[in-house]
2 protein chains.
Amino acid sequence: MNSPEIQLLIQHLSKLPGLGPRSGRRVALHLLKKREKIFRPLIQVMLDAEQKVKTCQVCFALDATDPCSLCTDPKRDPQQLCVVQDVADLWAMERVNTFKGLYHVLGGVLSAIDGVGPQQLAIQSLIERVAKSQITEVILALNATVDGQTTIHYLTELLRPMGVTVTTLAHGVPIGGELDYLDEGTLFTAFQGRRSA
Amino acid sequence: MNSPEIQLLIQHLSKLPGLGPRSGRRVALHLLKKREKIFRPLIQVMLDAEQKVKTCQVCFALDATDPCSLCTDPKRDPQQLCVVQDVADLWAMERVNTFKGLYHVLGGVLSAIDGVGPQQLAIQSLIERVAKSQITEVILALNATVDGQTTIHYLTELLRPMGVTVTTLAHGVPIGGELDYLDEGTLFTAFQGRRSA
């Protein structure tokens, strides 16, 4: 029914994460109707990002410069290193605005099922970074999943002999969380880790 | 925290219909990670659509040609004209694959609240089209909302004196719909319009 240009546009948009055929059509129509104000500016920022953004070869975050602005920021504490699974987790940590050290993006976690071994992750570079720099604490801010915990265990075994403090995020009841709706594992962990009020 | 290129990309993506800051970030990251396979092809189809797709000056649908491929298709019945509010509704009708006539996209419906009068819609061109062509039936496929129904009433008053049959879509229980979950208006309409089984 539609011209191939519109069909291809819808097809490509529909495959983006969180979109489907219906929302793909909706976005396509929105763009085609607001050409001056939305479509052209969007294409421009996409072209810009596609051309300029690269992966930092120190921490593996995304930025327009390599090394990235975080790695070269003199105000960040070079003694603390926060290890995250993904760039999205780095962005999440930065939104919290509490950690002032440096990052290291692993690019995934160890997973027997998905066939992800240490070679597929930025682990070798992490070890070299810790060995060569003034890092005293490595915070393993990985997901509280089985694979995340396996990776934490693996990295702890590697890092502890190097003389650095290795820490992980605290587990417990999420802020605003109701006990009744919490899974047993979290409640158990929160109870075991109880503190004096 | 992020480079301006990434921030702008997220900002623009977040404003698309159905997306927000979280899904905007997710899509941006997805694009930046899959540059060869997703990001560049998407930019290419967007550039293509932006440059080639135009509004048909006969029916006001979107297509790469003007008049559009529907208006110039010799297999379509030139005696039937289906009036829709929006290009999205034309696409919906075409997916049903039952109507084989021509279309006319109004570009909205009359609305006192939003200040949309007959001059803001493609009504003058609709009247001229009906007057000059061999159209015998005009199907007003507008939404079953107050504004849609007002527009149907207004258009019927204009079109009926021109000697064409004016029809609207049937109202009733949606296919697969359960009576218990239906609003009273629909159930009332379905009951009033009951047919012999």
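Small disclaimer: the values here were computed from a predicted structure and weren't measured.

## So, the overall build of chain A
- The number of helices and strands found in chain A is seven helices and six strands.
- Helices and strands appear in chain A in the N-to-C order α-α-α-β-β-β-α-β-α-β-α-β-α.
- Over its C-alpha trace chain A gives a radius of gyration of 21 Å, far above what one expects of a compact globule, namely 16 Å for 197 residues.
- With the principal axes as the frame, chain A shows a C-alpha extent of 65 × 45 × 35 Å.
- A burial count over chain A gives 44% of its 197 residues as buried.
- Once local pairs closer than 6 in sequence are excluded, the contacts in chain A between residues at least 24 apart make up 46%.

## Some details on the sheet that holds strand β5 (residues 137-140) of chain A
Residue and element names in this part refer to chain A.
- Strand order in this open sheet of four strands is β4-β3-β5-β6, and the pairing throughout is parallel. With one partner strand each, in any of the chains shown, β4 (102-105) and β6 (165-168) form the two edges of the open sheet. Taken pair by pair, the neighbouring strands of this sheet meet at an average axis angle of 25 degrees, ignoring direction.
- As defined by bridge partners, strand β3 (residues 80-84) adjoins β4 across four bridges and the pair is classed as parallel. Its bridge partner being in β4, L81 is matched across the sheet by L102.
- Across the sheet, helix α4 (residues 87-96) is in contact with β3 and β4; its angle to β4 comes to roughly 155 degrees.
- Docked against the sheet, helix α6 (residues 146-159) engages β3, β5 and β6, running at close to 170 degrees with respect to β5.

## With respect to the layout of surface pockets
Residue and element names in this part refer to chain B.
- Size it by volume and the largest pocket reaches roughly 860 Å³.
- If you trace the largest pocket, you find 35 residues lining it, with A88, D89, A92, N143 and L169 closest to the centre.
- Here the element with the most residues in the lining of the largest pocket is helix α4 (residues 87-96); it accounts for seven residues.
- Residue composition of the lining of the largest pocket, grouped by class: 19 nonpolar, eight polar and eight charged.

## So, the interface of chain B and chain A
- With 48 residues of chain B at the interface, the matching set in chain A holds 48 residues.
- In total, chain B and chain A occlude about 4,700 Å² of area from one another, counting both sides; carbon and sulfur atoms represent 73% of this.
- Our count for the contact surface shared by chain B and chain A stands at four salt bridges.
- As a salt-bridge pair, A:R40 and B:E50 come within 2.5 Å of each other at their nearest N and O atoms.
- For the pair chain B and chain A, the interface holds eight residue pairs in polar contact (both at pLDDT 80 or more).
- Elements with a minimum of two residues in the side of chain B that touches chain A: α1 (4-14), α2 (21-33), α3 (35-52), β2 (62-63) and α4 of chain B.
- Considering each element in turn, the side of chain B that touches chain A owes the most residues, 14 residues, to α3(B).
- Residues belonging to the side of chain B that touches chain A are distributed by class as follows: 28 nonpolar, six polar and 14 charged.

## Some thoughts on the relation of the copies chain B and chain A
- Mapping chain B onto chain A calls for a rotation angle of 180 degrees and an axial translation of 0.1 Å; the resulting RMSD is 0.1 Å. On this basis, the relationship between the two copies can be described by a two-fold rotation axis. Measuring from the rotation axis to each C-alpha of chain B, the shortest distance belongs to B:I43, at 3.3 Å.
- Most of the interface of chain B is mirrored in chain A, where 100% of its interface residues again form contacts.

## Digging into the pattern of salt bridges
- In total, this model carries 10 salt bridges over all chains according to the counting rule given.
- One salt bridge connects A:D48 with A:K52, and the closest N-O pair in it is separated by 3.3 Å. With A:D48 and A:K52 both in helix α3 (residues 35-52) and four residues apart, the pair spans about one turn of that helix.
- On the basis of relative accessible area, A:D48 is assigned to the partly exposed category, the value being 25%.
- Given a relative accessible area of 35%, A:K52 falls into the partly exposed group.
- Each of A:E36, A:R40 and B:E50 takes part in salt bridges that share partners, so that together they form one network.

## A look at the packing of aromatic side chains
- Taken as a whole and judged by the stated rule, the model has two aromatic pairs over all chains.
- Ring geometry for B:F99 and B:Y103: centres 5.2 Å apart, planes at 70 degrees, overall edge-to-face. One exposure class covers both B:F99 and B:Y103, and it is buried.
- One Lys or Arg, A:R194, reaches over the ring of A:F191 and ends 4.6 Å from the middle of that ring.

## Brief notes about the domain arrangement of chain A
- Split into domains, chain A comes out as domain 1 (4-52) and domain 2 (62-168).
- Taking only C-alpha atoms, the centre of domain 1 of chain A and the centre of domain 2 of chain A are 34 Å apart.

## Regarding a nonpolar patch on the surface
- Together, A:V173, A:L179 and A:L187 make up a nonpolar patch on the protein surface, roughly 230 Å² of accessible area in all.
- As for its position among the elements, A:V173 is in the loop between β6 and α7 (184-192).

Each value, and the rule that gives it
- Each chain has its residues counted from 1, running along the sequence as written.
- Chain letters and ligand numbers both follow the written order, the letters beginning at A and the numbers at 1.
- A pLDDT threshold of at least 70 governs which residues receive local features in this predicted model, and a stricter bar of 80 or more applies before side-chain atom pairs are shown or counted, although totals over entire chains, interfaces and linings include all residues.
- As a rule here, side-chain values cover all heavy atoms of the structure and leave hydrogens and water aside.
- Secondary structure is summarised from DSSP: a helix means a run of H or I of at least four residues, a strand means a run of E of at least two, and numbering begins at the N terminus for each.
- For the radius of gyration, the atoms used are the C-alpha atoms, and the globule rule reads 2.2 Å times the number of residues raised to 0.38.
- Buried, partly exposed and exposed residues are distinguished by accessible area as a fraction of the type maximum, computed with a 1.4 Å probe on protein chains only: under 20%, between the cut-offs, and over 50%, respectively.
- Note on contacts: a residue pair is in contact if any heavy atoms of the two residues lie within 4.5 Å.
- Strands were regarded as paired on the criterion that DSSP finds at least two bridges between them.
- For helices, the axis comes from a line fit to the C-alpha atoms of the stretch in contact; other axes are also lines fit to C-alpha atoms, and the angle between any two N-to-C directions lies between 0 and 180 degrees.
- Using a 1 Å grid laid over the protein atoms alone, points where a 1.4 Å probe fits but cannot get out form a cavity; open sets with protein on both sides within 12 Å along at least 5 of 7 lines form a pocket; any residue with an atom within 4 Å of a point counts as lining.
- Grid points are joined across faces, edges and corners, and a volume is the space filled by probe spheres set on the points.
- When residue character is reported, Ala, Val, Leu, Ile, Met, Phe, Trp, Tyr, Cys and Pro are called nonpolar, Asp, Glu, Lys and Arg charged, and the others, Gly included, polar.
- Buried area is a sum: the accessible area each of two parts loses on coming together, probed at 1.4 Å, counted once for each and added.
- Salt bridge criterion: a side-chain nitrogen from Lys or Arg within 4 Å of a carboxyl oxygen from Asp or Glu.
- Pairs of N or O atoms within 3.5 Å make up the polar contacts considered here, provided that, within protein, one atom can donate a hydrogen while the other can accept it, and that residues adjacent in sequence are counted only when both atoms are side-chain atoms.
- Fitting of the copies onto one another was done by least squares over C-alpha atoms, counting residues only where both copies have pLDDT of at least 70.
- In this analysis, rings of Phe, Tyr and Trp, with Trp reduced to its six-membered ring, are considered paired at centre separations within 6.5 Å, and the interplanar angle assigns stacked below 30 degrees, edge-to-face beyond 60, and tilted for intermediate values.
- Geometrically, a charge over a ring is one whose NZ (Lys) or CZ (Arg) sits within 6 Å of the ring centre while staying within 35 degrees of the ring normal.
- Segmentation into domains, and thus their bounds, comes from an automatic or database assignment.
- Within this analysis, patches are made of residues with over 30% relative accessible area and no salt bridge. Like charges are joined at 9 Å or less; nonpolar side chains (Val, Leu, Ile, Met, Phe, Trp, Tyr) at 5 Å or less.
- Each accessible area is a Shrake-Rupley estimate made with a 1.4 Å probe; only the visible protein chains count as cover when residues are assessed.

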